[in-house]
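Take a look at the letters that make up each chain.
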Amino acid sequence: MLKNISASAQGYKLDSRRLTISFIAIGALVLLFVIALNIKIKASSSPHALEKPLLVSQKAQLAKAHLLAFSSYLQNIANATTDEQRDTALISLYAKEKSVAQLYQQLAAITERKNSQVNDSLKLFSQWRDIRSEFYQRIVTNDTLAAVRYQRGTVSDFLWELEQSIEAVRLSSEQAYEKMHNSAHSYANHIHIYAVLLSIVMLSVIGYLLFWIWQQITLNNQHTVHRQALIDEHVLMAILNEKGELIDVSQALSQFFATSKEALLMNASRFLLSDSKQDGLLEKNILNTVTQGKQWRGEVAFKNAYNNELWADCSVIPDYDEDKKIVGYSYIFHDLTNKKLANFDKLTGLLNRRSYDEVLTSQLNLAVRNKYTITLAILDIDFFKRFNDLYGHPEGDIALRKLGELLTRHMQRANDFVFRIGGEEFALIVSGLDEEKVALYLNSLREAVKALKIANKNSSVGDYLSVSIGAVTLEQGYITEQKFYKAADKALYQAKSERDKVVVNTIRSEKMI
């Protein structure tokens, strides 16, 4: 248990009458809350159950819509007069196949592979690639007439059967939805009756307990200890000394870091931060704030005992003695791990487009308000489509991950940010550098990419993977996020005209856009 909080709580004296009135009011509120929550949970349980068949129906309908497009793409392949036209049609067909495959995977996951109709349809769809390959083999051997006959016969019959199978999934799901909906409506009516009966019982119990609560006021210290035990178990919290070093931690915080309380107290640094340069700057920022008697709050990244990334919304609150001298700090965490990881690109581990929109707005406003320069750079991999065509998409993914790791190593300042905003497109936000320093920095980054020596024989500018970078630096004035991006994109266009090049432009006022 958090000893400091427990000790301070034991010295707090409560007014008996005020506490009793509070208990009565809280009891009544708890009663109302329990009744309302019970009704809500019971009545809303049916809609949650309805989500699965409704979702299956929607996925099946979408899959059928994609399947209907297969024939037209096959026809485009058959009618193509050039290799480029044929490849374009084939790529479009691959994209549709991938979408349908993903929908089938989602259907299988939703139904937990227990729906025979979904399983049968998925099994049938698994035969599609062989049929498509047979058709394409006739095309590449210039036997167009045989390909058309095969399309109108075998392929057409197969697609019709596949469409019927997925339609059967959709119809059965809609029927299940209708049946469950009717049952849920009837069930909800009964819940209202049970809730009224429960209210009567609970009111009787509360009336009896109110007298008992009055007699138990003297046991307040025990209640306090119990409440502190709950805090220890459920609240992510630590007690720090005036230097920011750990004195005590809650059990919940130990579980958050996947370690024991003893190990956490023994090995932790100030504010539980790492020894990285970025965390060192963060530590100074926290100390500068809290030593002035102010509360510090911010989102912080940590690593648990298994080196997994954690995120928390942290607050550091000064604690005072009777002379109003700071004697330590309360360090409170709110777990943001699931929310924050949703802002990261799964392939590269970089911040994604959603994070880019949020960070650009906040950083641009800070730069304008504090009158320092800010640069937005857009980085695009040269001839990446050719790279994927030659080496395959798995190798393309490896190259993207290596580039992401490189960018992360080069963006170490607290106000440096890197994002993956598209397939082979990345965005960088750098603050406090003028145009000349930005150009030097980005050119060093461009050279570092080539130094990775990722072979790209299809490149027109060299033997290795290279990048083009367009950047714009706002020196003064104000600009909207949209115009800022357009200016950087314009610079990227200039850089891509030569490839393996950096173009940096400067904005000194809104009027220059």
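Description of the structure in this document. (Residues numbered from 1 in each chain as written. Predicted model: local features only at pLDDT ≥ 70, side-chain atom pairs only at ≥ 80, totals over all residues. Heavy atoms only, no water.)

### Quick notes on the overall build of the protein
Scanning the protein from N- to C-terminus turns up 17 helices and 10 strands. For the protein, the proportion of its 513 residues judged to be buried stands at 40%. Counted over contacts in the protein with a minimum sequence separation of 6, partners at least 24 positions apart contribute 64%. Element-wise, carbon and sulfur atoms account for 54% of the exposed surface of the protein, whose accessible area totals about 29400 Å². (Helix = DSSP H or I, 4+ residues; strand = E, 2+ residues; numbered from the N terminus. Buried < 20%, exposed > 50% of the residue type's maximum accessible area, 1.4 Å probe, protein only. Contact = heavy atoms within 4.5 Å. Areas by Shrake-Rupley, 256 points an atom, 1.4 Å probe, with all protein chains shown as cover.)

### Some words on the pairing of strand β10 (residues 502-507)
In terms of residue burial, β10 counts as a mostly covered element, since 5 of its 6 residues are buried. Direction of pairing for strand β9 (residues 467-474) relative to β10: parallel, over a ladder of 6 bridges. Looking at β10, one finds that Val 472 is bridged to Asn 505. Crossover handedness for the path β9 to helix α17 (residues 481-496) to β10: left-handed. (Pairing = 2+ DSSP bridges. Right-handed = clockwise from strand over helix to strand, strands pointing away.)

### Re the sheet that holds strand β7 (residues 417-420)
Each strand in a sheet pairs with another by means of backbone hydrogen bonds, the pair being arranged parallel or else antiparallel. The 5 strands are arranged β7-β8-β6-β9-β10 in an open sheet whose pairing can be described as mixed. Bordering the open sheet on either side are β7 and β10, each of which pairs with just one other strand. Strand-to-strand twist in this sheet, taken as the mean axis angle between neighbours without regard to direction, amounts to 15°. Running over the sheet, helix α13 (residues 353-370) touches β6 (374-381), β7, β8 (425-431) and β9 and is turned about 150° from β7. (Axes fitted to C-alpha atoms, helices over the stretch in contact; angles between N-to-C directions.)

### Examining the packing of helix α14 (residues 384-391) against helix α15 (residues 393-410)
α15 packs onto α14 with a crossing angle of 130° between their chain directions and a minimal axis gap of 7 Å. Comparing their axes, α15 and α14 come out oblique. Contacts from Phe 384, Phe 387, Asn 388 and Tyr 391 in α14 reach His 393, Glu 395, Gly 396, Ala 399 and Leu 400 in α15. Of the residues contributing to the contact of α14 with α15, the split by class is 5 nonpolar, 3 polar and 1 charged. (Parallel < 35°, antiparallel > 145°, perpendicular 65-115°, else oblique. Nonpolar A, V, L, I, M, F, W, Y, C, P; charged D, E, K, R; others polar.)

### Digging into the packing of α15 against helix α16 (residues 435-451)
Interaxial distance between α15 and α16 falls to 11 Å at its minimum, and their mutual angle equals 145°. Two packed elements cross with a definite hand, and for α15 against α16 that hand is right-handed. Residue-level contacts link Leu 403, Leu 406, Leu 407 and His 410 of α15 to Tyr 441, Leu 445, Ala 448 and Val 449 of α16. For the contact of α15 with α16, a count of residues per class yields 7 nonpolar, 1 polar and no charged. (Left-handed = near helix turned anticlockwise from the far one by under 90°.)

### Some points on helix α4 (residues 83-110)
Across its 28 residues, α4 extends 40 Å between first and last C-alpha, which sits within 8% of the 40 Å expected from 1.5 Å per residue. Every buried residue of α4 is accounted for by Arg 86, Ala 89, Leu 90, Leu 93, Glu 97, Val 100, Ala 101, Leu 103, Tyr 104, Leu 107, Ala 108 and Ile 110. Following α4 by one or two positions, Glu 112 has its phi on the positive side, about 55°. (Expected span 1.5 Å × (residues − 1).)

### Topic: the nonpolar core
Phe 70, Phe 125, Trp 128, Phe 135 and Ile 166 are the most contacted members of the largest nonpolar core, which totals 35 residues. Looking at this core, the elements that each hand over two or more residues are α2 (16-68), α3 (70-79), α4, α5 (116-125), α6 (128-140) and α7 (144-215). Look past the residues within four positions of Phe 125 in its chain and what remains in contact with it is Leu 67, Phe 70, Glu 97, Val 100, Ala 101, Tyr 104 and Leu 162. Phe 387, Met 411, Ile 469 and Ala 471 belong to the second-largest nonpolar core, a separate cluster that totals 30 residues. (Core = buried A, V, L, I, M, F, W, Y, C linked by side-chain atoms within 4.5 Å.)

### Examining unusual backbone geometry
You will see that Asn 142, though not glycine, has its phi angle at about 65°, which is positive. Position of Asn 142 among the secondary structure elements: in the loop between α6 and α7. Take Asn 142: its relative accessible area is 65%, and that puts it in the exposed class. Phi is positive for Asn 307, close to 65°, though the residue is something other than glycine.

### Points about a nonpolar patch on the surface
Taken together, the side chains of Ile 193, Leu 197 and Ile 200 define a hydrophobic patch exposed on the protein surface, amounting to about 300 Å² of accessible area. Mapped onto the secondary structure, Leu 197 falls in helix α7. Taking relative accessible area as the criterion, Leu 197 reaches 48% and is therefore assigned partly exposed. (Patch = residues over 30% accessible without salt bridge, like charges linked within 9 Å, V, L, I, M, F, W, Y side chains within 5 Å. Salt bridge = Lys/Arg side-chain N within 4 Å of Asp/Glu carboxyl O.)

### A few points about the side chain of Asn 343
Among the structural elements, Asn 343 can be located in the loop between α12 (337-341) and α13. In terms of polar contacts, Asn 343 uses its side chain to reach the side chain of Arg 354, at 3.3 Å. In this structure Asn 343 touches Leu 350, Leu 351, Asn 352, Arg 354 and Ser 355, once residues within four positions along its chain are discounted. (Polar contact = N/O pair within 3.5 Å; in protein donor to acceptor, adjacent residues only side chain to side chain.)

### Quick notes on the pairing of β9
Looking along a regular strand, one sees side chains alternate from face to face of the sheet. With 8 of 8 residues buried, β9 lies mostly within the body of the structure. Taking every second residue as pointing to the same face, both faces of β9 are buried, with Val 467, Ile 469, Ala 471 and Thr 473 on one and Ser 468, Gly 470, Val 472 and Leu 474 on the other. Of the strand pairs in this sheet, β6 and β9 are connected by 8 bridges, and their pairing is antiparallel. Bridge pairing in β9 places Ile 374 opposite Leu 474.

### Here we look at the sheet that holds strand β5 (residues 326-335)
Taken in spatial order, the 5 strands make up an open sheet running β2-β1-β5-β4-β3, and their pairing is antiparallel. Only two strands of the sheet have a single neighbouring strand rather than two, namely β2 (246-249) and β3 (296-303). Each strand of the sheet is rotated relative to its neighbour by a mean of 30°, with strand direction disregarded. In this structure, β3 lies alongside strand β4 (residues 309-320), joined through 8 bridges in antiparallel fashion. Its bridge partner being in β4, Lys 303 is matched across the sheet by Glu 309.

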